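What follows is the residue order along each chain.
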Amino acid sequence: MALNGIGVGRALATGPVRRMPDPLPEPPEGERPDDLDAEVARTRTALQQVAAELVERGHRAGGDAQGVLEAQALMAEDPTLVDDVVARIRSGRTGQRAVHEAFLEFQVMLVGLGGYMAERAADLGDVAQRIIAKLTGVPAPGVPDSDTPFVLVARDLAPADTALLDLDKVLALITRDGGPTSHTAILARSRSIPAIVGVSAADSLQDGQVVVVDAGAGTVEVEPSEETVAATLRTIEERKAAANAPITPGALGDGTKVQLLANIGGAKDAAKAVELGAEGVGLFRTEFLFLDSKSAPTVQQQKEQYVAVLKAFPGKKVVVRALDAGADKPLSFLNDSEEENPALGLRGLRVLRVHEDILREQLTALAEAAEATEADLWVMAPMVSEPEESEYFTALARELGIKTPGVMVEVPSAALLAPQILESADFVSIGTNDLTQYTLAADRLLGTVAAFQDPWHPAVLRLVAEVGKAGAEAGKSVGICGEAAADPALAVVLVGLGAKSLSMTPAALADVRAELLTVTLDEARARAAAALKAPSAAAARAAAAEVAKVPASA
Ligand code: PEP
Ligand code: MG
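Residues numbered from 1 in each chain as written. Chains lettered and ligands numbered in written order. Predicted model: local features only at pLDDT ≥ 70, side-chain atom pairs only at ≥ 80, totals over all residues. Heavy atoms only, no water.

In the annotation of an unreviewed UniProt entry, the protein chain is listed under the name Phosphoenolpyruvate-protein phosphotransferase and assigned to Amnibacterium kyonggiense. Note on the protein chain: under the UniProt heading Sequence similarities (unreviewed entry), the record states "Belongs to the PEP-utilizing enzyme family." Word for word, the UniProt comment on the protein chain under Catalytic activity (unreviewed entry) is "L-histidyl-[protein] + phosphoenolpyruvate = N(pros)-phospho-L-histidyl-[protein] + pyruvate". (UniProt positions renumbered as here; feature names shortened; annotations may be inferred.)

A. Region of the structure containing the site of ligand 1. By nearness alone, 13 residues border ligand 1, and Arg 285, Lys 329, Gly 431, Asn 433 and Arg 444 come closest of all. Here an oxygen atom of ligand 1 sits 2.7 Å away from a polar atom, N or O, in the main chain of Asn 433. Within the backbone of Asp 434, a nitrogen or oxygen atom sits 3.0 Å from an oxygen atom of ligand 1. Notes on ligand 1: free accessible area 290 Å², of which the protein chains cover 99%. (Near = heavy atom within 4 Å. Polar contact = N/O pair within 3.5 Å; in protein donor to acceptor, adjacent residues only side chain to side chain. Areas by Shrake-Rupley, 256 points an atom, 1.4 Å probe, with all protein chains shown as cover.)

B. Spotlight on the coordination of the magnesium ion (ligand 2). Those donors, Glu 410 (OE) and Asp 434 (OD), are the protein atoms that reach the magnesium ion (ligand 2), and they lie 2.0 Å from it. A residue pair is termed long-range when its members are at least 10 positions apart, and Glu 410 in the loop between strand E13 (404-409) and helix H15 (412-416) and Asp 434 in helix H17 (residues 432-439) qualify at 24 residues. With respect to burial, Glu 410 and Asp 434 carry one shared label: buried. (Donors = N, O, S within 2.8 Å, 3.2 Å for Na, K, Ca; no water. Helix = DSSP H or I, 4+ residues; strand = E, 2+ residues; numbered from the N terminus. Buried < 20%, exposed > 50% of the residue type's maximum accessible area, 1.4 Å probe, protein only.)

C. Structural context of the domain arrangement of the protein chain. Under the domain assignment, the protein chain is made up of domain 1 (2-21 + 143-242), domain 2 (36-136) and domain 3 (245-549). Computed from C-alpha coordinates alone, the two centres of domain 1 and domain 3 are separated by 28 Å. The interface is formed by 13 residues belonging to domain 1 together with 17 residues belonging to domain 3. Between the two partners, domain 1 and domain 3, sit zero salt bridges. Across the domain 1-domain 3 interface, the total number found is zero residue pairs in polar contact (both at pLDDT 80 or more). (Domains from an automatic or database assignment. Contact = heavy atoms within 4.5 Å. Salt bridge = Lys/Arg side-chain N within 4 Å of Asp/Glu carboxyl O.)

D. Structural detail: the sheet that holds strand E12 (residues 376-381). The strand order E9-E10-E11-E12-E13-E14-E15-E16 describes a closed barrel built from eight strands, whose pairing is parallel. Each neighbouring strand pair of the sheet contributes to a mean axis angle of 25°, computed without reference to strand direction. Pairing geometry for strand E10 (residues 280-285) and strand E11 (residues 317-321), over four bridges, is parallel. Along E11, the bridge assignment pairs Gly 280 with Lys 317. Seen against the sheet, helix H20 (residues 509-516) touches strand E9 (259-264) and strand E16 (501-504) and runs at an angle of roughly 160° to E9. (Pairing = 2+ DSSP bridges. Axes fitted to C-alpha atoms, helices over the stretch in contact; angles between N-to-C directions.)

E. Representation of the nonpolar core in the model. By size, the foremost hydrophobic cluster in this structure holds 94 residues, and its most contacted members are Leu 359, Phe 393, Leu 461, Val 493, Leu 494, Leu 502 and Leu 516. With seven residues, helix H13 (residues 356-372) is the largest single contributor of residues to this core. Other than its neighbours up to four places away in sequence, Leu 502 contacts Val 258, Gln 259, Leu 260, Leu 261, Ile 480, Ala 485, Ala 491, Leu 494, Val 495, Val 512 and Leu 516. Among the nonpolar cores identified, the runner-up in size contains 30 residues, and Val 40, Val 86, Ile 89 and Leu 124 belong to it. (Core = buried A, V, L, I, M, F, W, Y, C linked by side-chain atoms within 4.5 Å.)

F. Main features of the pattern of salt bridges. Within this structure, the stated rule accounts for 27 salt bridges. For Arg 97, the salt bridge identified is with Glu 26, shortest N-O distance 2.8 Å. Separated by 71 residues along the polypeptide, Arg 97 in helix H4 (residues 95-113) and Glu 26 in the loop between strand E3 (12-19) and helix H1 (36-61) bring together distant segments of the chain. Linking Arg 321 and Asp 324 is a salt bridge whose minimum nitrogen-to-oxygen distance equals 3.5 Å. No difference in accessibility class separates Arg 321 from Asp 324, as the two residues are buried. Connected through salt bridges with shared partners, the residues Glu 26, Asp 84, Arg 88, Arg 93, Arg 97, Glu 101 and Glu 105 form a single ionic network.

G. Examining the packing of aromatic side chains more closely. In total, this model carries two aromatic pairs according to the counting rule given. Plain terms: the ring middles of Phe 284 and Tyr 306 are 6.1 Å apart, the flat faces sit at 80° to each other, and that makes the pair edge-to-face. Residue Phe 284 is located in strand E10, and its partner Tyr 306 is located in helix H11 (residues 299-311); the two are separated by 22 residues in the primary sequence. A residue is classified by how much of its surface remains accessible, and Tyr 306, at 2% relative accessible area, is buried. (Phe/Tyr/Trp six-rings, centres within 6.5 Å; stacked < 30°, edge-to-face > 60°.)

H. Broad picture of the side chain of Ser 385. Locating Ser 385 in the fold gives a position in the loop between E12 and helix H14 (387-399). Setting aside residues up to four positions removed in sequence, Ser 385 forms contacts with Arg 350, Val 411, Ser 413 and Ala 414.

I. Region of interest: the sheet that holds E3. The strand order E1-E8-E7-E3-E4-E5-E6-E2 describes an open sheet built from eight strands, whose pairing is mixed. The open sheet terminates on both sides in strands that have one partner only, identified here as strand E1 (2-4) and strand E2 (6-8). On average, each strand axis in the sheet is inclined to that of its neighbour by 30°, with strand direction left out of account. Here three bridges tie E3 to strand E4 (residues 150-154), and the two strands are oriented parallel to one another. Bridging from a neighbouring strand, Arg 18 pairs with Leu 152 of E4. Along the sheet, helix H8 (residues 226-243) makes contact with E3, strand E7 (210-214) and strand E8 (219-222), crossing E3 at roughly 120°.

J. Looking closely at the packing of H1 against helix H3 (residues 79-90). Look at H1 against H3: their axes get within 9 Å of each other, and the N-to-C directions meet at 155°. By the angle between their directions, the pair H1 and H3 is classed as roughly antiparallel. Crossing geometry of H1 relative to H3 is assigned as right-handed. For the pair H1 and H3, the contacting residues are Leu 36, Asp 37, Glu 39, Val 40, Thr 43, Arg 44 and Leu 47 in the first and Val 82, Val 85, Val 86, Ile 89 and Arg 90 in the second. Considered class by class, the residues forming the contact of H1 with H3 number seven nonpolar, one polar and four charged. (Parallel < 35°, antiparallel > 145°, perpendicular 65-115°, else oblique. Left-handed = near helix turned anticlockwise from the far one by under 90°. Nonpolar A, V, L, I, M, F, W, Y, C, P; charged D, E, K, R; others polar.)

K. Local environment of the packing of H1 against H4. Contact geometry for H1 and H4: axes closest at 9 Å, N-to-C directions at 60°. By the angle between their directions, the pair H1 and H4 is classed as oblique. Mapping the contact onto sequence places Glu 39, Arg 42 and Thr 43 in H1 and Gly 95, Gln 96 and Val 99 in H4. Of the residues in the contact of H1 with H4, the class split is one nonpolar, three polar and two charged.

Now the structure itself:
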């Protein structure tokens, strides 16, 4: 039996399933403990034990995860929360009910504060679950402990769970929820964990069942034959050898060049990108420099950050995106108005135009940074929907000293008018995450419509084809910088549709490099043509795979 979902990367894995425990049911109301003092003491012990366990897990994990877990430990011992829990027990509630109510009230308050605070609400919920599990004697939620490797099956994973996964133990991830741009998928990709998300039948998988996870095909084979397991293990070994192959510049098997670039969020990501063979940067998301600020950093502060990134890539292309605020990346100093549909609101270039001073400062800092280094700086505007916006941005950027200004194609209108946009822009880069969200009218953050967020959708591919054609006619560069570029099979199709560069999380570079070398440009075009004719994302994936099976000479 095979289950289907959305594969992340192309890796294979096989092993027994371990299920992540489902969230605990709400502790019942109206159960009064006999001895309130004893209940308080029991609950205090549970709070302390959970805090100690979190600190201990943090020590074991190290790195970023340690900070996350230590912050959670502090939550379990927060004096205001502990007092609230004790007061609720004294008014006649069980420890578990008191913890549930007190933590929930605090969570609601954090959600009301919005932004960073709201994100911490989920962590608080996780701490509450751990305490309730301890008090009721059931397994704690979260990744199960195991001495032997396993395939982790979960409804979805919290970012802290994914960050903490022990890669010696977790062979692969299967989640019921989530789409290709969900945080589970993004983190799995950046940590090179084979994953299949959005497997609607994942709840049918049982602990101990052996599975073969094929991320490239998006399938989970349940209880495969011994031959299948042996063949899978052989392929895994062969691929390991291929991944250790020397790093060569991105190219197809026939020598056609395809620049392989990195998506980064700052200078701290640069070293890894260089080590994994990035030929430059295809998307530097500058929001990360602004996210925690109440006001924009000064020109000087920005310049320092940009110089640090550019210096890591001497003589290489570095594509920087102007600040992309709004929707999934809110920045209150740019837009604090309540919008019903922020993804369709004042975001990206639209909001930068309203605050032109901030845009001017950013472009000035970038131009000065380029002047001070040897990198080949390209700068692009996010969320452009009209040729006039491209004219505005590229003219302003040139006025401020940017030599190569371009725009992102993330909105269907921009894809359809690519020829007109390329009259002013020196290049375009397709952001497939937003292009998919806007083409399929499905919020990329909403789990209930995650199945629509699939860049294999032929409607998205048609738009990419329009842009590829316009780029070829204008003799200008068309790149891809959404998550789609990191899917090796889709990367081939995107090249077949006219992409000249692919930018992705550095961890995905080796797989994409290896896959590109297996095809010629004609073969990539044949796969693209087959995918374009398909009626759905799944059919497009299958059609491209079908063409791939036919020998080149046939
Ligand atoms: C995209 O939309 O595809 C993109 C690369 O930008 P972001 O994911 O940052 O919106
Ligand atoms: Mg985008």
